[in-house]
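Spelled out from the first residue to the last, the chains are:
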Amino acid sequence: MIKYYYSIALGVLLFSCSSEHSISSNGHYSLENYKEGDVVFNLDEYTSFHLRSIRYLYDQSGEEFLYLLNDQNNSIYRYSLADSNYTHRVKFPIDGPLGVGQLNGFDIKGPDSLFLLARYDYKLSLVVNPLDSVRKVTVYKLIDSKADMDMTAYADTYAPMYLEGDTLNILSVPFFYVQSKSYYEAGNCLVRLNLSDSAISKVNLYSDLYRNRYTPYYARASTTKNKAGEVIISLPADPYLYRYDSHYNWIGKSLSVTPTVPEIKAFRGEFIMEEELIHMYQNTRYISIQYDPFREVYYRIAELPNRQALSKGDRKYYSLRSFAVIIYDKDLNIIGEQILPPHYMIEMLFVGKRGLYLGQPVGTSSGVDENKVRFVCFQLTNKNE
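What you are looking at is a predicted structure, and each value in this text was computed from that prediction instead of being measured. (Residues numbered from 1 in each chain as written. Predicted model: local features only at pLDDT ≥ 70, side-chain atom pairs only at ≥ 80, totals over all residues. Heavy atoms only, no water.)

Draft legend 1. Region of interest: the pattern of salt bridges. Using the criterion set out here, one finds 12 salt bridges in the structure. Notably, a salt bridge pairs E303 with R321, separated by 3.2 Å at the nearest N-O pair. In this pair, E303 is assigned in strand β22 (residues 297-303) and R321 in the loop between α4 (307-312) and β23 (323-328), connecting sequence segments 18 residues apart. On the basis of relative accessible area, E303 is assigned to the buried category, the value being 13%. Through salt bridges with shared partners, a single network forms among R52, D156, R220 and E347. (Salt bridge = Lys/Arg side-chain N within 4 Å of Asp/Glu carboxyl O. Helix = DSSP H or I, 4+ residues; strand = E, 2+ residues; numbered from the N terminus. Buried < 20%, exposed > 50% of the residue type's maximum accessible area, 1.4 Å probe, protein only.)

Draft legend 2. Layout of helix α3 (residues 273-282). Within α3, burial applies to E276, I278, H279, M280 and Y281. Looking at the buried residues of α3, the elements they touch are β21 (285-292) and α4. (Contact = heavy atoms within 4.5 Å.)

Draft legend 3. Quick peek at the sheet that holds strand β19 (residues 240-244). Strands sit in the order β17-β18-β19-β20 across an open sheet of four strands; the sheet is antiparallel. Lying at the two open borders of the sheet, with one neighbouring strand each, are β17 (222-225) and β20 (250-255). Put simply, the sheet's adjacent strands are angled 25° from each other on average, direction ignored. As paired elements, strand β18 (residues 231-234) and β19 share four bridges and run antiparallel to each other. When the sheet's bridge partners are listed, V231 is paired in β19 with Y244. (Pairing = 2+ DSSP bridges. Axes fitted to C-alpha atoms, helices over the stretch in contact; angles between N-to-C directions.)

Draft legend 4. Layout of the pairing of β21. Most of β21 sits out of view: eight of its eight residues are buried. Examined bridge by bridge, β21 and β22 share seven bridges and lie antiparallel to one another. By the bridge assignment for β22, S288 is matched with I301. Counted between consecutive antiparallel strands, the loop separating β21 from β22 contains four residues, among which E296 sits at a positive phi close to 55°.

Draft legend 5. Just the nonpolar core, in detail. In this structure, L205, Y210, I233 and Y248 are the most contacted members of the largest nonpolar core, which totals 46 residues. Of all the secondary-structure elements, those providing two or more residues to this core are β14 (167-174), α2 (183-186), β18, β19, α3, β21, β22 and β23. Setting aside anything within four residues of it in sequence, one finds Y248 in contact with Y162, N169, L190, R192, L205, T223, V231 and I233. In this structure, I54, Y79, M345 and V373 belong to the second largest nonpolar core, which totals 19 residues. (Core = buried A, V, L, I, M, F, W, Y, C linked by side-chain atoms within 4.5 Å.)

Draft legend 6. Molecular detail of the pairing of strand β24 (residues 334-340). When you tally the buried positions in β24, you get six out of seven residues, the bulk of the element. As paired elements, β23 and β24 share six bridges and run antiparallel to each other. Residue Y328 lies in a different strand from β24, and its bridge partner there is I334. Where β23 folds back onto β24 in an antiparallel hairpin, the turn is made up of five residues, including L332, whose phi is positive at roughly 65°.

Have a look at this one:
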């Protein structure tokens, strides 16, 4: 099968860690597993259970759909949350007159339009009526020449693309020599593409904290948008959340320090893979921020150090990390925190009508079922009621 493979040992470990869905909670609100809301999707032989780009759609009729990108066959799959059924797949050519490049990310403009990102081709495509035999494809370049190759855009699950008027906003990672300057100095972490004239501008969203040295593991921001159109930015090394209006004008910031989330230390080592990994394992990393429009709260996901493995120097368990879901009200005040065990794929998540869904491999007696993926549903609960 053409699949991405986790090792069988890791798969077994994920399911032998604990059958519990939660470790502990703090504050007035917590997340409780709602088993009736769990969904399991069947995958074809070409689709990995480790999905890096997924999108949720709540359509006008009240139906819920999940879109999954398979970058191995340049296809997007749509599933219904109501019955877990696969509804259709759209395959996009890489080359040719309707070619969109090798896809790495996407977003939904509406039920009949998609934005497709080929990040290493520096190409953004708007596809209208993708299910039609004659679809309309408009291609935009994200750079004019190799001299402009100072960033690479991305559209992972935790980094949606936002359209405001004619401007499409895409998060990006700057290209620069990490030993010569900081991420703050490099900037270029947001690309703004004007769809009417193809003009490109770049914005620096890194906070002052990023004047310190951090590794590439702390480079990718996450973003979400609330009902008022405000954009909330979460940076992997920064305990603050940053608020912007829909045009990315700064509004304010909110501190999100909790007792169980350790402070993140700046990087002091050499920029080599082993030292970068050790630094990440020793520190917290804020992965994503998600807005819940159904309950008007936010969820911020923070990956936590495995203190037990670190104290023993047991490197094979460093990557087995619990994580915190910090819960905020609509004004970004902390109202709860849930600590969850490491057997979730925290880069695979979405918010639906029933709650927050976290991805999880489907275990078997011999390891992991690579032809299925489960999304575990967590509902927001007021512990005082």
